[in-house]
Every structure is written in C-alpha cells, then in structure tokens.
Amino acid sequence: MTHKQLLIGLPNTGKTTFLAALWYVVDTKEISPFLTLDRVEGDREYINEIRHKWVGCEPLGRTLPADEQVVPMRLHDRDTGKSTTIVFPDISGESFRRQWENREWTYEYATLVDECDGILLFLHPEATKPSRRIDEANELLGELIDINTDNELNKGKSDRSAISDEQWDYSQASTQVKTVDLLQFVCHHRLDSPFPIAVIISAWDIVMKQSAARGQNVTTDDWLETQVPLLHQYLLANSLTNPYCIFGVSAQGGDLDKDTTRLLEKALPSERIIVVGPDCAQNDLTAPVAWLLRNSHQSGEKTNED
Amino acid sequence: MRERTKVATEPPASEYTTTPDEDMEDSPTEGESPSTIVDSIINEEQDHVDETPKEKHSDDLIDLHEGSGFTPSSAYEITSANQSQLIMLAGAHRCGKTTLLASIYELFRDEPLAGYLFAGSLTLPGFEMRCHLARISSGMPRADTERTKPADDTLLHLRVCRTDLGESALDLLFTDLAGERFRMAKDSMDECRRLKILRRVDHFVLLIDGAKLAAPEYRHQAYLQEHSLLRSCLDAGMLGSHTYVDILFTKWDLVMPLLEEEALLKFLETIEAQLTRNFEDRVGRLRFFRVAARPNQKAGVPFGYNLDQLVSSWIEAGPVRRYYEVRQPVMPDSAEMREIQHFMLIQSQNR
C-alpha cells in the first residue's frame, strides 16, 4: 500500500529540513520512533544530500521549483506492525506562493492533490507575517508615545503621509490568509473529499524560548489561536471533515547561527530534534507522519487531537 | 489622499443589471417564494454559466478559483451546493457599504465573531483588496476604503459555522455594488427592475450615512434618498415579504456625541417611526441598527461596533431558512418543489 503525504507551506517554513531530519531518524533508529525504515526504495540521492547537510548543521537553503522531488520511504509502524510506502512530494515554497498569487497550479501538482492521503501543513514563527490595521498601529503608538505631545504625533503623521500609498498586491496578504487559501485550493479540487492535516509549527525552540522568557507556557494550540487565528478557526470549523493535529517541531534543534557547536556536540543527532505533540516522545519526528497514517481515510480512523 | 477616478454618469451594463431589451416580460410577483425566484433566475442564467472551471493552458497549468469575487452566475456553485444567504448592502455613495464588509472580515481575522467561526471564503483576495487602504502596508496616513466603481460590482463570500460545530456551515454572499446603482434605482422603477439581483436577496441592508445624519444641513436629504430607494424597490416588486430588511445608521461614532441634541434625537425617532409605518408590513422583517464599522479612534467606540449583532442576526434567521423551519423539507424533484413552495407560501399569506 502506498500512502502519499503532501507537504504544504509557504517559503522558509521548514519543509525540506523536516524531510532531511525525518530520513535520519527512520534510517538510524537512534531513538524509538513510531516509524522506522523498512527498506530503501527509489532514488535516494536527493534525500541523502539533504540529510548530509542536516547532520552537519549546514543550512539547507530554499528549495527551488527546479529542485522539487518526490521522496519515497518504506516505513514500518511499530504499533500496528504494518509497512507502508510513504511518498513525500517536496514542493518548493515558491510554488505555493505562486498558487496564491497567480491562482494556478500544474497538472502534476493537481494529481498529487487528488492522490494524497494527508497533509503536513508547515508554519514558521519567524515567517508568519501579520497584516495590521492602521487603527491598531495608532493605538499601539498611543501607548508608546505621550499623546499629549502633539508635535510627536504630527511628526509621525507627516512622515507617514510622505510615504507613497501602494496598490494592493497579493504578496501583501498575511501568512494565515495565504495558508487558508492553499488549503481551500486542495479542498475545492478534491470536491471536499476528506483528508487529515498535521499542522507543523517549525522552529518550536524559538517559541519555547520566547514563552519561557515571558514566564509563560505556550502550547501549540495557544500559538495557533493567537498567531494565526483565522487559520485556527478554519481548521476547527472544518475539523469534522478534515481532522487535524498540531505539532511543535524543531528539526534543527536550535539556531544554526548561534547554536551549531552545541548541536554538533550531541552524541546522537536525533537528540537535537524537539517534537511537542500528543502522545509522542520528545525527539520522535515520525509522530506527525504516524498520526496522518493512522487518521487517513485508508485506515478509517479519525480523531481530533491537540 | 488617493485620487479618485471620475464617476461614470451611467454605470456599464453588467450581470447585475439588464439592458432595456433584456427587461423581463413578467413583472416579479410579490409573494413568490424565494426558491421560485432563485430557480427561475438561475435557470435563465445557467445558459451562460461557464461549465469548464478548470482549463488547461499550453504550459500544463490549471486555473484555481480567482478569488476577487463572484458574479450572480458564478455564485451558483455556492448557492447550489449549500444553504446560503444573499445579503445586499445598499445605499448612497460613501455611506460605508464596502467598509462594513471589510470590517466584518477583519473581525473574523482576529477571532470568532458572535459565536461563529470563519469556515472559509472563496473570495479572500477580494476581501484583502478592500481592507488594503486601512492597513499599515498601504502606507496611508489614515484608514480609508477604495471606492467601489460600477465595473467592480461583485459578490463576496464567507462561510461560517457555530463554534460548537453544532450545525452545518452556512454560506454568506455579500453584494459590493457601486453607489451609482442605487442612485439610479431610487429614481426609476425601470432602473430598479434592471437590478435583477434584488429579487434574489434574503437580507436587504439599507445604510443611512451617519456622517450626514450628524449634520443638520444634510440629514433630511440623506434620509430621503434611502427612503426613496426602499420605496422604489418595493413598488417595483423587487423586494417584498420574502425579504428581511435591516436599516443601518452607519458611522455611529460621529452621531453619538450629538445625541444630547434634541433636534437630532427627534429626527432619529421620526425617521424610524416613518420607515416602520411605511414599510414594515410590506417586508418579511424590518429592524434598525446603529453601527460603526471603522470608528474614529478618539471616539472611544470599539472597531466594528455592533457588527456582531448584525452578522449573527443574518446567520440565525433568514427568510428562506425560516421558511424551511416552518415547512418540513421534502425532497420531490425541483419542478415539483417549486410548485409546492409557491402554493404553501400563498396559503400562509392568506391566513
């Protein structure tokens, strides 16, 4: 049986890094993941290359449209005892950006959408762009500046009025709006045929550090609800048809600019990985993949977990 | 300030209007069931519906939904698939129609609204475009809304569902039409009848410009314009007992500071009484709302003031939904269904 999981996400959301680290985890079995490699299949040049960079804490760079690959892995599920070939089309973030802006996709991608059994949806805290209203900004400025000081406000206003107003273009939409539409394209094309969604919040180590610094304990659901509330509502509203589960993932384990030494000193590279999600071990990057496998229409089981 | 293009004296013909040669032979009958009206119009328009949404380009590309807005014919893909409400925002130029729409969308952007979740929209670019001038990315010194030109007439889509997921989702279709359309409809029954989408409307939302209500030199004219528009639509048979009517006093943040003025208070009471007396028994429901879609920050009025009440009322009760609650839905074929609905509606009116 072949199971196809589509990785969807705008540029710089960590899709390829996830694949590279996943390949390492299932192949080496350093930890006891849900899924392990049963046997190798197909051309592995691409997946080996990105894994090589990941192990060496080298930046993977952005996947270009010309580099898009389909990555197959024959994986064994430790709980069910079944082996399944899971195929991951690694589509560039640029291609998804073009879907939103140009309102078109390729026949090849349409076929992948038709055939996919689940979606890994990627978001990145530092690539999540909001779109704030002028009144919200003014309110914030009012808190920061003494509003009795009219000179300050007038200066601010005159500076802003000197900025030429821009025509709207698609690139100005917020991350959550674009991401909702990427999912809607899939739903629309599949005529609402159901599929589960594993939401991956990449670079979760950043969120953990920021929330610790504020003395908070931010959960993955908290993050989704506060940072991308429109997307959160969309997922919830459509969860009876398309169940979803949220995972916080750091495939690199830290900032490659600052933490490389620390990361390379780990005896087991798998220990770099951080995964936060329901019923999964801290380093088990196969957890989202396993969840999708167990919640696809093929398996006939559906749950909604956070 | 952005330059505004000049307004055409006559808006161009569009799917929203008929040309004189295309005027319908039959006058619309007040009392026709909504489904009868919708089905008859859809049957007319289906001849022109593009049946091939996905076209192959020479470089193997497939078009996705365009997203800027629907026409009445392309909206069929929504109205035929799911329960929907068609909401028309009507009123003079710059009374706040597009700003109201943009603000409803912005409210959903941040959190559920009035107990409802955002469940999707096939016109996200359309909404984003309309919000642009009120966002930081526009570089504007203060929030504004692009004026809707007749060529930009469109339908915007929102899908909503209850936060407890208790009922199936509901599709809302909002018209965003240029003020010129309504100016012409107000002055001419023929022009009113040419605005054929009116016959399909579930909620007719008439906006009276609060900025003008607050100014003694403009308030009577502003009211009279909208009173004339509503009368024109009813007398032309385009609205009737199959329509729920909401009358909005917009930009209420500008009115609120003046509510101590006796003349204004008396004026507001008078116009509400007049509108109720003249029109309440001719429509399915008539209500009044005071709203401030994008209030001035110094007014101390929250963004989207009272829009939650307005939106929840559209979702929770519409003339078609109410009709189906009272009459148990049966599943004969569509022609038989139209006959039964027409008969039952006549019966209910004769009681």
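Criteria and cut-off values
- Residues numbered from 1 in each chain as written.
- Chains lettered and ligands numbered in written order.
- Predicted model: local features only at pLDDT ≥ 70, side-chain atom pairs only at ≥ 80, totals over all residues.
- Heavy atoms only, no water.
- Helix = DSSP H or I, 4+ residues; strand = E, 2+ residues; numbered from the N terminus.
- Buried < 20%, exposed > 50% of the residue type's maximum accessible area, 1.4 Å probe, protein only.
- Contact = heavy atoms within 4.5 Å.
- Pairing = 2+ DSSP bridges.
- Axes fitted to C-alpha atoms, helices over the stretch in contact; angles between N-to-C directions.
- pLDDT = per-residue confidence, 0-100.
- Phe/Tyr/Trp six-rings, centres within 6.5 Å; stacked < 30°, edge-to-face > 60°.
- Salt bridge = Lys/Arg side-chain N within 4 Å of Asp/Glu carboxyl O.
- Parallel < 35°, antiparallel > 145°, perpendicular 65-115°, else oblique.
- Left-handed = near helix turned anticlockwise from the far one by under 90°.
- Nonpolar A, V, L, I, M, F, W, Y, C, P; charged D, E, K, R; others polar.
- Disulfide = S-S within 2.5 Å.
- Patch = residues over 30% accessible without salt bridge, like charges linked within 9 Å, V, L, I, M, F, W, Y side chains within 5 Å.
- Areas by Shrake-Rupley, 256 points an atom, 1.4 Å probe, with all protein chains shown as cover.
- Lys, Arg positive; Asp, Glu negative; His and termini not counted.
- Charge placed at Lys NZ, Arg CZ, Asp CG, Glu CD.
- Core = buried A, V, L, I, M, F, W, Y, C linked by side-chain atoms within 4.5 Å.

Trainee: Is there a simple way to think about the overall build of chain B in this case?
Mentor: Looking only at helices and strands, one finds 13 helices and eight strands in chain B. For chain B, the residues scored as buried account for 53% of the 351 residues in total. Within chain B, contacts between residues separated by at least 24 positions form 78% of all contacts whose residues are at least 6 apart in sequence.

Trainee: What should I look at first to understand the sheet that holds strand β4 (residues 154–162) of chain B in this one?
Mentor: In sheet architecture, strand pairing relies on hydrogen bonds along the backbone and comes in two forms, parallel and antiparallel. Residues and elements named next belong to chain B. Taken in spatial order, the seven strands line up as β3-β4-β5-β2-β6-β7-β8 in an open sheet, and their pairing is mixed. Whereas interior strands pair on both sides, the edge strands pair on one side only; in this sheet they are β3 (116–120) and β8 (285–290). Looking at each pair of strands side by side, their axes are set apart by 25° on average, direction ignored. Strands in contact with helix α11 (residues 307–316) are β2 (84–90), β3, β4, β5 (170–176), β6 (203–208), β7 (244–249) and β8; relative to β8, the strand with the most contacts, it is inclined by about 160°.

Trainee: Honestly, the confidence of the model for chain B in this entry has me stumped. Any pointers?
Mentor: Should pLDDT be low for a region, the predicted coordinates there are not to be read in detail. Residue and element names in this part refer to chain B. When pLDDT is averaged across chain B, the result is 81; 75% of the residues are at 70 or more. Below pLDDT 50 for its whole length, residues 45–56 participates in 16 contacts with residues either more than four positions away or in separate chains. Of the regions scoring below 50 in pLDDT, residues 322–334 engages in 14 contacts with residues more than four places distant in sequence or in other chains. Here the prediction assigns the complex a pTM of 0.83, and the interface score ipTM is 0.88.

Trainee: Mind showing me how you'd approach the packing of aromatic side chains here?
Mentor: How two aromatic rings sit relative to each other is set out by the distance from centre to centre and by the angle between their planes. Residues and elements named next belong to chain A. Applying the stated criterion to the full structure yields twelve aromatic pairs over all chains. When the centroid spacing of 5.6 Å and the interplanar angle of 75° are considered together, the rings of W100 and Y170 count as edge-to-face. Of this pair, W100 sits in helix α3 (residues 93–102) while Y170 is found in the loop between α6 (150–161) and α7 (175–189), placing the two residues 70 residues apart along the sequence. In terms of burial, W100 and Y170 fall into one category: buried.

Trainee: I keep staring at the pattern of salt bridges and nothing clicks. Help me out?
Mentor: Charged atoms that come close allow side chains of opposite charge to pair. Under the definition given, this model contains 37 salt bridges over all chains. Between R282 of chain B and D235 of chain B there is a salt bridge, with the nearest N and O atoms lying 2.8 Å from each other. Remark: D235 of chain B occurs in helix α8 (residues 216–235) and R282 of chain B occurs in the loop between α10 (262–279) and β8; sequence separation between them is 47 residues. Classification of D235 of chain B as partly exposed rests on a relative accessible area of 37%. Measuring nitrogen to oxygen at the nearest pair gives 2.6 Å for the salt bridge that ties E272 of chain B to R290 of chain B. Of this pair, E272 of chain B sits in helix α10 while R290 of chain B sits in strand β8; the two residues are 18 residues apart in sequence, bridging distant segments of the chain. What emerges from the salt-bridge pattern is a single network uniting R132, R133, D135 and E136 of chain A together with E106, R109, D110, E128 and R135 of chain B.

Trainee: Explanation requested: the packing of α7 of chain A against helix α4 (residues 124–131) of chain B in the structure shown.
Mentor: How two helices sit against one another is set out by the angle between their axes and by the gap between those axes. Following both chains from N to C, one finds α7 of chain A and α4 of chain B inclined at 165°, their axes separated by 11 Å at the closest point. Classified by the angle between their axes, α7 of chain A and α4 of chain B sit roughly antiparallel to one another. Where α7 of chain A crosses over α4 of chain B, the two elements pack in a sense that is left-handed. On the side of α7 of chain A, the interface is formed by V177, V180, D181 and Q184 of chain A, while α4 of chain B contributes L124, P125 and E128 of chain B. Here the contact of α7 of chain A with α4 of chain B is built from residues that sort into four nonpolar, one polar and two charged.

Trainee: What exactly am I supposed to notice about the state of the cysteines here?
Mentor: Defined simply, a disulfide is a covalent bond joining two cysteines at their sulfur atoms. Summed over all chains, the structure comprises zero disulfides over all chains. Looking at C192 of chain B, it has no disulfide partner, and the nearest cysteine sulfur is the one in C233 of chain B, 3.7 Å off.

Trainee: Before we go on, may I ask you to explain a negative patch on the surface in this structure?
Mentor: A grouping of D43, E45, E49 and D67 of chain A is seen on the molecular surface, where their side chains present a negatively charged patch. Position of E49 of chain A among the secondary structure elements: in helix α2 (residues 45–55).

Trainee: Whenever I open this one, helix α10 (residues 229–237) of chain A confuses me. Can you help?
Mentor: Residues spaced three or four apart along an α-helix point in a common direction, a consequence of the helix completing one turn every 3.6 residues. The element α10 of chain A is extensively covered by neighbouring structure, given that eight of its nine residues are classed as buried. The set of residues buried in α10 of chain A consists of P229, L230, L231, H232, Q233, Y234, L235 and A237 of chain A.

Trainee: Any chance you could explain the sheet that holds strand β1 (residues 2–8) of chain A here in plain terms?
Mentor: Residues and elements named next belong to chain A. As summarised here, the arrangement of the eight strands in space is β2-β3-β4-β1-β6-β7-β8-β9, forming an open sheet in which the pairing is mixed. At either margin of the open sheet sits one strand with a lone partner, and together these are β2 (35–39) and β9 (274–276). The mean angle between the axes of side-by-side strands here comes to 30°, regardless of whether they run parallel or antiparallel. Across five bridges, the pairing between strand β7 (residues 197–201) and strand β8 (residues 244–250) is parallel. In the strand pairing of β8, I201 is matched with G248. Strand contacts of α10: β6 (118–123), β7 and β8, with the helix running at about 140° to β8, the strand carrying the most contacts.

Trainee: Is there a simple way to explain the nonpolar core in this structure?
Mentor: Across soluble globular proteins, you tend to see nonpolar side chains buried next to one another. In this structure, I119 of chain A together with L100 and W314 of chain B are the most contacted members of the largest nonpolar core, which totals 76 residues. Setting aside residues no more than four positions away along its own chain, L100 of chain B makes contact with L89, L248, V291, A293, L307, L310 and W314 of chain B. Residues L122, L155, L195 and L234 of chain B belong to the second largest nonpolar core, which totals 45 residues.

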